[in-house]
Amino acid sequence: MRATLKHFPGLGRVRGDTHLLPANLHASAAELETSDWLPFRQGLQASQSLLRVGHATLMALDASKPASRSPKVVRQLVRERWGHDGVLVTDDLSMGAVVAQGMCGAGVDALNAGIDLLLVSYDPDQYFEVFYCMLQAQRRGQLEAGLLQRSQRRLQKLRQSFPLPPAKQAVVTSVSPQQR
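Residues numbered from 1 in each chain as written. Predicted model: local features only at pLDDT ≥ 70, side-chain atom pairs only at ≥ 80, totals over all residues. Heavy atoms only, no water.

(A) Fine view of helix 5 (residues 103–113). The element helix 5 is extensively covered by neighbouring structure, given that eight of its 11 residues are classed as buried. The set of residues buried in helix 5 consists of M103, A106, G107, V108, A110, L111, N112 and A113. Among the structural elements, helix 3 (71–81), strand 5 (88–90), helix 4 (96–99), helix 6 (126–139) and helix 7 (145–160) are those in contact with the buried residues of helix 5. Remark: G114 follows helix 5 within two positions and exhibits a positive phi of approximately 115°. (Buried < 20%, exposed > 50% of the residue type's maximum accessible area, 1.4 Å probe, protein only. Helix = DSSP H or I, 4+ residues; strand = E, 2+ residues; numbered from the N terminus. Contact = heavy atoms within 4.5 Å.)

(B) Molecular detail of the state of the cysteines. Taken as a whole and judged by the stated rule, the model has one disulfide. Here C104 pairs with C133 through a disulfide, and the sulfurs are 1.9 Å apart. In this pair, C104 sits in helix 5 while C133 sits in helix 6, placing the two residues 29 residues apart along the sequence. In this structure C104 comes out as partly exposed when scored by relative accessible area, which is 25%. (Disulfide = S-S within 2.5 Å.)

(C) Seen up close, helix 3. Of the positions making up helix 3, those classed as buried are V73, V74, L77, V78 and R79. For helix 3, the angular spread of buried residues about the axis comes to 160°, placing them on one side. In helix 3, the exposed residues that point more than 90 degrees away from the buried face are E80 and R81. Where helix 3 terminates, the next one or two residues include G83, which has phi positive at roughly 70°. (Arc of directions from axis to C-beta.)

(D) Quick peek at unusual backbone geometry. Residues K6 and H7 are joined by a peptide bond in cis, for which omega reads -5°. The residue H7 is located in strand 1 (residues 4–8) in this model. The linkage connecting F8 with the following residue, P9, adopts the cis geometry, with an omega of 15°. Tracing the backbone through its elements, the reader meets P9 in the loop between strand 1 and strand 2 (24–25).

As structure tokens, this is what we get:
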């Protein structure tokens, strides 16, 4: 089990509910750096937490895509500027803010932005659709191979950070021919 810091870039200033509709965050990046983002940065630096990236559009950095699908937010801000190389996960792709724009395209955009895991939890029936769409996108060359390799490395590192359960030892007994 790992903690997940959520919902970056923060929803306190967002007017609207991304469970239902797309929403925008209008504060400047400078203002957010000195307030709303402090818990995210400090939490990431002090722990092995995952970061869940929400679907609000961070207007100051990328007015064209929600944070969860924005290379400017994910790659440039979180990965490069903050130097965070841990696992990033989207908020639920079944939310209204995403479904209205298409879950398949959202998944492709998120992976190509540098997200490691796509979350589908609100509507589990959608899991297979999203999984199928990502397989098709990979087959068509729509997913950036270098990003997928780096993501695979981060996910492997996360898996290795969990202690392995104690191995069950097999009990071997000999059975004499008479007992058979």
